[in-house]
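Read off the chains here:
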Amino acid sequence: MIKNDVITIGLIGLGGMANAHRRMISELKQLKLGALCDVNEELLTKIGEEEGISQEKRFNNMEALIADPDVDAVISIVPNLLHAKALELCIQYQKPIMAEKPFTLNFAEAEILAVLYEKQPIPCMVGFSYRYVPSFRYAKKLLEENQIGAIRHIAVRYLQSFGAPLFEAPYAWRFNKAVTGTGALGDLGAHMIDSARFFVGEFKSVSALMETFVHERKDPISGEMIVVDVDDYASFQAVLVNHVIGNFITTRNAVGSGNQHEVTLYGDYGTIHVNCERPDEIDICISDGTDNRPVFKTKKVPESYKRQQLEDFADLVTNNQQTGTPTFYDGYQNQKVLERIIQSAESGKTVIVD
């Protein structure tokens, strides 16, 4: 039961990404952090003390936190192999959840969850955070206003560099298929897929290539070399709704790139380009009404397009869902596209997204 219009949040998983969610919770008067869960007792104690969470609200078991009647809603920031379990438990206990992407470890898990969810739906948001970059939100509005005419094709890139041999990144869970499902594809490609669905609509077919560049990485504890069984690189072409053509590239081996998620949308009358590393401006090329050849111009994003991700979650929990909130359906569809990309890369054939 939500008390005094403040939603008490139970946070599951206290690793690096949880810090961003703790900050976002602290920025919103509608939310209050009330419970924590992590298997790392030392980390649980540290964060518990920092947040002033009492001992009885610090859990080592996610089901215990989800079942706690004092927890109104859950934010789950766990490794990929636990995504489905957190969602299943929240459906079982009828607790609203903001779950991280990718939606599940694989599409088989997503299909099982869909059956459970259909019988007992809950407010469910999936962490496709780039929908909350101001430039992405502004670009969406310009598309809705038909500023560049009918979209003909979309180019999406998501490049990081930490996996390149230059940096000798050690073996970690992100390189373990049993824990993460895929490599760059699920980690970064899931965001690319969501951006395309956000701007254009559903995928109809994909033709993909996946590759692993660094086949072994050193275990930071034992010093032994461990085989990497996930992709470092994925690229795919796609046909989306209304026959929009898409071109997508993602890798964690792009030296010189930080966190470079960028989208270019090409329409009949102009082009829009956005980059998450420049959140407050967009590049747009449209006619100025003269005979001059259109050229790219950089525009500042109006302040009104700034919206914090968890504001939408708070609205979802209180039955005030906002347009564009990434929901259970978006997570499910995203996982389906990921599955079809994997099938295409393995078969060397174009695969229909049914």
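Placed above this text is the structure.
Reading the values: the criteria
Residues numbered from 1 in each chain as written. Predicted model: local features only at pLDDT ≥ 70, side-chain atom pairs only at ≥ 80, totals over all residues. Heavy atoms only, no water. Helix = DSSP H or I, 4+ residues; strand = E, 2+ residues; numbered from the N terminus. Rg over C-alpha atoms; globule rule 2.2 N^0.38 Å. Buried < 20%, exposed > 50% of the residue type's maximum accessible area, 1.4 Å probe, protein only. Contact = heavy atoms within 4.5 Å. Areas by Shrake-Rupley, 256 points an atom, 1.4 Å probe, with all protein chains shown as cover. 1 Å grid on protein atoms, 1.4 Å probe; cavity = no way out; pocket = protein on both sides within 12 Å on 5 of 7 lines; lining within 4 Å. Points joined across faces, edges and corners; volume = space filled by probe spheres on them. Nonpolar A, V, L, I, M, F, W, Y, C, P; charged D, E, K, R; others polar. Expected span 1.5 Å × (residues − 1). Axes fitted to C-alpha atoms, helices over the stretch in contact; angles between N-to-C directions. Parallel < 35°, antiparallel > 145°, perpendicular 65-115°, else oblique. Phe/Tyr/Trp six-rings, centres within 6.5 Å; stacked < 30°, edge-to-face > 60°. Disulfide = S-S within 2.5 Å.

Undergrad: Would you mind going over the overall build of the protein with me for this structure?
TA: Scanning the protein from terminus to terminus reveals ten helices and 17 strands. A compact globule built from 354 residues should have a C-alpha radius of gyration of about 20 Å, and the protein, at 21 Å, falls within 12% of that. Looking at the 354 residues of the protein, the share that counts as buried comes to 54%. Of all intrachain contacts in the protein linking residues separated by at least 6 positions in sequence, the fraction that spans at least 24 positions is 69%. Accessible surface, the protein: about 16400 Å² in total, of which carbon and sulfur atoms supply 51%.

Undergrad: Got a minute to help me understand the layout of surface pockets in this structure?
TA: Summary: where empty space remains is shown by rolling a probe the size of a single water molecule over the atoms. Its volume calculated, the largest pocket comes out at about 1100 Å³. In terms of lining residues, the largest pocket is bounded by 46 residues, among which Gly16, Met17, His21, Ile77 and Glu100 are the most central. Counting only elements with at least two residues in the lining of the largest pocket, the list comes to helix H1 (16–27) and helix H8 (184–199). In terms of residues, the lining of the largest pocket owes the most to one element, H1, which gives seven residues. Across the lining of the largest pocket, the residue classes tally to 21 nonpolar, 16 polar and nine charged. Lining the second largest pocket are 22 residues, with Lys177, Gly181, Thr182, Met210 and Ile342 positioned closest to its centre. Every element with two or more residues in the lining of the second largest pocket is listed here: helix H7 (177–180), strand S8 (203–211) and helix H10 (328–347). A breakdown of the residues in the lining of the second largest pocket according to their chemical character gives seven nonpolar, nine polar and six charged.

Undergrad: Mind showing me how you'd approach H10 here?
TA: Counting along an α-helix, one turn takes 3.6 residues, and residues three or four places apart therefore face a common direction. Relative to the 28 Å expected for 20 residues at 1.5 Å per residue, H10 spans 29 Å between its end C-alpha atoms, a close match to the ideal helical length. Of the residues one or two after H10, glycine 348 is the one with positive phi, at around 75°.

Undergrad: Honestly, the packing of helix H4 (residues 83–93) against helix H5 (residues 107–119) in this entry has me stumped. Any pointers?
TA: When two helices pack together, you describe them by how their axes are tilted relative to each other and by the distance separating the axes. At their nearest, the axes of H4 and H5 sit 10 Å apart, and the two run at 10° to each other. Judged by the angle between their axes, H4 and H5 are roughly parallel. Note on element contacts: H5 touches H4 through Glu109, Leu113, Leu116 and Tyr117, opposite Ala84, Leu87, Glu88 and Ile91. Among the residues making up the contact of H4 with H5, the classes are represented as six nonpolar, no polar and two charged.

Undergrad: How should I be thinking about empty space enclosed by the protein in this particular structure?
TA: According to the stated counting rule, one finds one cavity of 30 Å³ or more in the structure shown. Estimated volume of the largest cavity: approximately 30 Å³. Lining the largest cavity are Phe128, Tyr130, Arg131, His191, Asp194, Ser195 and Phe198. Grouping the constituent residues of the lining of the largest cavity by class yields three nonpolar, two polar and two charged.

Undergrad: Would you mind showing me how to read the packing of helix H6 (residues 134–144) against H8 here?
TA: Contact geometry of H6 with H8 gives a least axis separation of 10 Å together with a crossing angle of 30°. Across the interface between the two elements, Phe136, Ala139, Lys140 and Leu143 of H6 pack against Ser195, Phe198 and Phe199 of H8. Across the contact of H6 with H8, the residue classes tally to five nonpolar, one polar and one charged.

Undergrad: Looking at this structure, I do not really get the packing of aromatic side chains. What am I missing?
TA: For any two aromatic rings, the description comes down to two numbers: the centre-to-centre distance and the angle of the planes. Summed over all chains, the structure comprises twelve aromatic pairs. On the numbers, 6.3 Å between centres and 35° between planes, the contact of tyrosine 130 with phenylalanine 136 is tilted. Across this residue pair, the class does not change: tyrosine 130 and phenylalanine 136 are buried. Taking 5.6 Å as the distance between ring centres and 40° as the angle between the ring planes, the aromatic pair formed by phenylalanine 203 and phenylalanine 248 counts as tilted. Linking phenylalanine 203 in strand S8 with phenylalanine 248 in strand S12 (residues 245–251), this pair joins segments that are 45 residues apart in sequence. Look at phenylalanine 248 and you get buried, because its relative accessible area is 1%. One aromatic cluster is present, built from ring pairs that chain together Tyr130, Phe136, Tyr158, Phe198 and Phe199.

Undergrad: Hey, could you run me through the state of the cysteines in this one?
TA: Where two cysteines share a covalent bond between their sulfur atoms, that bond is called a disulfide. Summed over the entire model, instances satisfying the criterion amount to zero disulfides. Of the cysteine sulfurs around cysteine 37, a residue in no disulfide, the closest is that of cysteine 90, at 11 Å.

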